[in-house]
Number of protein chains: 2
Amino acid sequence: VAELGFDSDAAEKGGYEHFMLKEIHEQPESLANAIRGRLDFNLGTSVLSGMGTSARDLSEIQRVVFLGCGTSLHAGLVGEYAFEDLADIHAEVQQAAEFRYRNPIISRSDLVVAISQSGETADTLAAVREANQKGAFVMGLCNVVGSTIARETGRGIYLHAGPEISVASTKAFTCQVAVMLMMALKLGRGRRFSREEGLKLAREIERIPELVERTIQQSDKIEKIAARYAEHEHAFFIGRGYLYPVALEGALKLKEISYIHAEGYHAAELKHGPIALLQKGTPVIALANDIAGKDKTLGNVEECRARGARILGVITEGDKEAAEFMDDFIEVPACHPLVATIPTAVALQLLSYHIARARGCEIDQPRNLAKSVTVE
Amino acid sequence: VAELGFDSDAAEKGGYEHFMLKEIHEQPESLANAIRGRLDFNLGTSVLSGMGTSARDLSEIQRVVFLGCGTSLHAGLVGEYAFEDLADIHAEVQQAAEFRYRNPIISRSDLVVAISQSGETADTLAAVREANQKGAFVMGLCNVVGSTIARETGRGIYLHAGPEISVASTKAFTCQVAVMLMMALKLGRGRRFSREEGLKLAREIERIPELVERTIQQSDKIEKIAARYAEHEHAFFIGRGYLYPVALEGALKLKEISYIHAEGYHAAELKHGPIALLQKGTPVIALANDIAGKDKTLGNVEECRARGARILGVITEGDKEAAEFMDDFIEVPACHPLVATIPTAVALQLLSYHIARARGCEIDQPRNLAKSVTVE
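All values reported here derive from a predicted model rather than from experimental measurement.

It is worth spelling out the pattern of salt bridges at this point. According to the stated counting rule, one finds 52 salt bridges over all chains in the structure shown. Across the pair E263(A) and K255(B) runs a salt bridge, and its minimum N-O distance is 2.8 Å. Here the residue E263(A) occupies a position in strand β9 (residues 261-266), and K255(B) occupies one in helix α13 (residues 243-258), the pair thus bridging two chains. For E321(B), the salt bridge is made with K294(B), and the minimal N-O distance between the two is 3.0 Å. In this pair, E321(B) is assigned in helix α15 (residues 320-323) and K294(B) in helix α14 (residues 294-306), connecting sequence segments 27 residues apart. Classification of E321(B) by relative accessible area gives partly exposed; the value is 44%. With relative accessibility at 8%, the residue K294(B) sits in the buried group. One network of salt bridges, with partners in common, ties together D290(A), K294(A), D319(A) and E321(A).

Either a parallel or an antiparallel arrangement is found when strands of a sheet pair, and the pairing is made through backbone hydrogen bonds. Residues and elements named next belong to chain B. Taken together, 5 strands build an open sheet; the order of strands is β9-β8-β10-β11-β12 and the sheet is parallel. Only two strands of the sheet have a single neighbouring strand rather than two, namely β9 (261-266) and β12 (328-332). For this sheet the average axis-to-axis angle between neighbouring strands, irrespective of direction, equals 20°. Relative to strand β10 (residues 283-287), strand β8 (residues 234-239) is paired through 3 bridges, and the arrangement is parallel. The residue of β10 that forms the bridge with F237 is I285.

It is worth spelling out the interface of chain B and chain A at this point. Each side of the interface is counted separately: chain B has 58 residues, and chain A has 58 residues. For the pair chain B and chain A, the two sides together bury roughly 5,000 Å², of which 50% comes from carbon and sulfur. Considering only the surface of chain B that becomes buried against chain A, R102(B), I105(B) and H272(B) emerge as the three largest contributors, covering 14% of it. Linking chain B with chain A are 6 salt bridges, by the criterion used here. The interface formed by chain B and chain A includes 29 residue pairs in polar contact (both at pLDDT 80 or more). If you list the elements that add at least two residues to the side of chain B that touches chain A, you get β3 (63-68), α5 (71-87), β4 (90-95), α6 (96-101), β8, α13, β9 and α14 of chain B.

This part takes up the environment of E60(A). Residues and elements named next belong to chain A. Within the secondary structure, E60 is located in the loop between α3 (55-58) and β3 (63-68). Along the chain, E60 and H234 lie 174 residues apart, while their C-alpha atoms are 46 Å from each other. Those residues in contact with E60, other than ones at most four positions away along the chain, are R108 and S109.

Take the sheet that holds strand β4 (residues 90-95) of chain A next. Residue and element names in this part refer to chain A. The strand order across the open sheet built from 5 strands is β4-β3-β5-β6-β7, with neighbouring strands paired in parallel fashion. The outermost strands of the open sheet, each flanked by one partner alone, are β4 and β7 (155-158). Strand-to-strand twist in this sheet, taken as the mean axis angle between neighbours without regard to direction, amounts to 20°. One ladder, built from 4 bridges, connects strand β6 (residues 137-142) with β7; its direction is parallel. Paired with M139 across the two strands is R155, which belongs to β7. Contacting β3, β4 and β5 (110-116), helix α4 (residues 71-87) crosses the sheet at an angle of about 170° to β4. Across the sheet, helix α6 (residues 122-133) touches β3, β5 and β6, and the angle it forms with β5 is around 165°.

The predicted structure's coordinates, where accompanied by low pLDDT, should not be read in detail. Residues and elements named next belong to chain A. Across chain A, the average pLDDT comes to 94, with 97% of residues at or above 70. Under a pLDDT of 50 for its full length, residues 1-6 has, in the predicted model, 1 contact with residues more than four places off or in other chains. This prediction of the complex comes with two scores: 0.96 for pTM and 0.94 for ipTM.

Let's shift gears to the packing of aromatic side chains. For the coordinates displayed, the defined rule picks out 6 aromatic pairs over all chains. When the ring of F66(A) is compared with that of F83(A), the centres are 5.1 Å apart and the planes differ by 80°; the resulting orientation is edge-to-face. Of this pair, F66(A) sits in strand β3 while F83(A) sits in helix α4; the two residues are 17 residues apart in sequence, bridging distant segments of the chain. Note on accessibility: F66(A) and F83(A) belong to one class, buried. Taking the ring centre of Y81(B) as reference, the NZ or CZ of R102(A) above it sits at 4.0 Å. The lysine or arginine in question, R367(B), covers the ring of Y259(B), its NZ or CZ lying 3.9 Å from the ring centre.

Another aspect to go through is the environment of F325(B). Residues and elements named next belong to chain B. As for its position among the elements, F325 is in the loop between α15 and β12. Since its relative accessible area comes to 21%, F325 is described here as partly exposed. As a C-alpha pair, F325 and V301 span 24 residues in sequence and 7.2 Å in three-dimensional space. Discounting chain neighbours no more than four positions away, the residues touching F325 are L298, V301, E302, R305 and I311.

Least-squares fitting of chain B to chain A yields an RMSD of 0.0 Å, with the transformation described by 0.0 Å of translation along the axis and a rotation of 180°. Between the two chains, the operation in question is that of a two-fold axis.

All told, the structure shown has 0 disulfides over all chains when counted by the stated rule. Here C361(A) is not cross-linked by a disulfide; its sulfur's nearest cysteine counterpart is in C304(B), at 20 Å. The cysteine C175(B) is free of any disulfide, with C142(B) supplying the nearest cysteine sulfur at 13 Å.

Criteria and thresholds
Residues numbered from 1 in each chain as written. Chains lettered and ligands numbered in written order. Predicted model: local features only at pLDDT ≥ 70, side-chain atom pairs only at ≥ 80, totals over all residues. Heavy atoms only, no water. Salt bridge = Lys/Arg side-chain N within 4 Å of Asp/Glu carboxyl O. Helix = DSSP H or I, 4+ residues; strand = E, 2+ residues; numbered from the N terminus. Buried < 20%, exposed > 50% of the residue type's maximum accessible area, 1.4 Å probe, protein only. Pairing = 2+ DSSP bridges. Axes fitted to C-alpha atoms, helices over the stretch in contact; angles between N-to-C directions. Contact = heavy atoms within 4.5 Å. Buried area = accessible area lost by both parts, 1.4 Å probe. Polar contact = N/O pair within 3.5 Å; in protein donor to acceptor, adjacent residues only side chain to side chain. pLDDT = per-residue confidence, 0-100. Phe/Tyr/Trp six-rings, centres within 6.5 Å; stacked < 30°, edge-to-face > 60°. Lys NZ or Arg CZ within 6 Å of the ring centre and 35° of its normal. Least-squares fit on C-alpha atoms with pLDDT ≥ 70 in both. Disulfide = S-S within 2.5 Å.

In structure tokens form, the structure reads like this:
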């Protein structure tokens, strides 16, 4: 028997040290797949036949409820902002386990969107069944084709992100957000959005793979920065507005794979309590992209600095003003403020990865965690 | 000049070592003041003239939005559950700073309730002004009479909790929750609640001061338990349903005064990430009162134990089944599940106080924190 000239495990990882790193690097392609054929540059809208409803049906929707757990819950929170701001429709995100046990107030004019990479998350599946009982429009946002949630919702949109092996979700999160932006665009066009506005947003969504590619190119720089934050046992991630869910997700990612007690906070909430924990050198990761709320976030950064915290900023490329506030910073390309959530999340994925690697953690199989939580 | 026979500072503290402890002990009286004259045992409802609207006006309300920051935000989350479950009305809580910057979707049929102990919280005040612009019913829930939010909302309900000096809020939180339960009762009676059901809840609300008194009597026992948790730098608080906001508040309290990195989590979310942080001896404070969701929470407790966590349970008096799951436990009296949030919060206040004292912390003036956050 001839020896194969390569380690089959390494081959699966495509030369990357971990599945997580491979999947981070796959994102430009995954996102291109998630977006391909779904933007209509003629009408300035998106084409999502999986939503399975006519513009007339969609116009009946009065509220959108996103359901998810963990990373999918954070994606749903981006969805909440996107739907309220783009489509002018009430939107909220609910923890799937709460929804199923709460006898939720749901009517036939509610659109319920269940978010689950695997399509098998037990709490989310049970929530879907509850929403079906209440007669809502129910949709799935899954990655795994033919999964239980995809089947039971009847309608939905697949992410096309490709298989996600790493326990810590990366490409599924960014594809979930990209698909939700396209959904919000479609609903927005059925409401107050003009063709011109729709077109503008569609063009920004089309740029996502390239924006992410440019962020990934900074991996080496992020690795150097990560070395300065790897020795701490606590960290805070702060953001406002669209970047608040990204702060939550950034903290969860770091927690999952590096075992640092990272916590995401709304920037305005810091001084209502958690600022008490800041000491000399405590890492604060501040999402201060150049979008609405930046000035306020920079004000909060100043408060943290005054307590001796070490600030790592994520800022918009070339924003010298914001850079001044930071001990270290990572730049992401300028883009539409909702679209900016995606490259920003990618920057934080790389940060978590490099910190965990510097700490010698398992990364692909963090202790105590399973890829899909199929029990309650 | 004759020497006064006592230290004036000690006199203000009424013999207690700290204002926080004094204020914890004042709660039976504060709550009695918050409730007095506000329950109608004839009609099985509450009398809250400060709401300033007739039953006919109230029937127009289609959604309730609670606004707050920090502890008030957590109180608002209890309000969200109470209004949905008792009054069958859509309710949600929003971080005040987000509300003011988000161009929120608010209509004339929305009731906006601004929660602020001081009535001067900058972000909450700005959110009130925004809600006023949108033509909503706007109400204040303040403790300080004549404060800016109380004046600008025009209508509202005072807590009557008495002055709160300690930076860490205690009696304001429990009085906020008590008042919101009475508000939900009133709205519930205008909707699906029968006189009989209303009466039952009113009788349970009337018991609150006594339930809290019985919880406070366990202060010495809680002090002994606290000694076992004082040496750790991390802690997780978990709860479900009505107890989820209490878990968040319990974690915030511990964080504020003991500088332990405590984080509140929905019990079902633990295994979607943060369970990775559990190691041998990591404290997990599990709110496992005998109300809906207890079995699921006990299941999550088992998962934490399997990872070596040390579990401190808050359980219902005499619940031997739940006690079996815990390394230590604090008992609170059996009562209505929504009412149970109040004695449970009191038990956690005492726990935080005793842990902080064992660690030699400042308690009344934690580092970096101000009593009222009057800047953004």
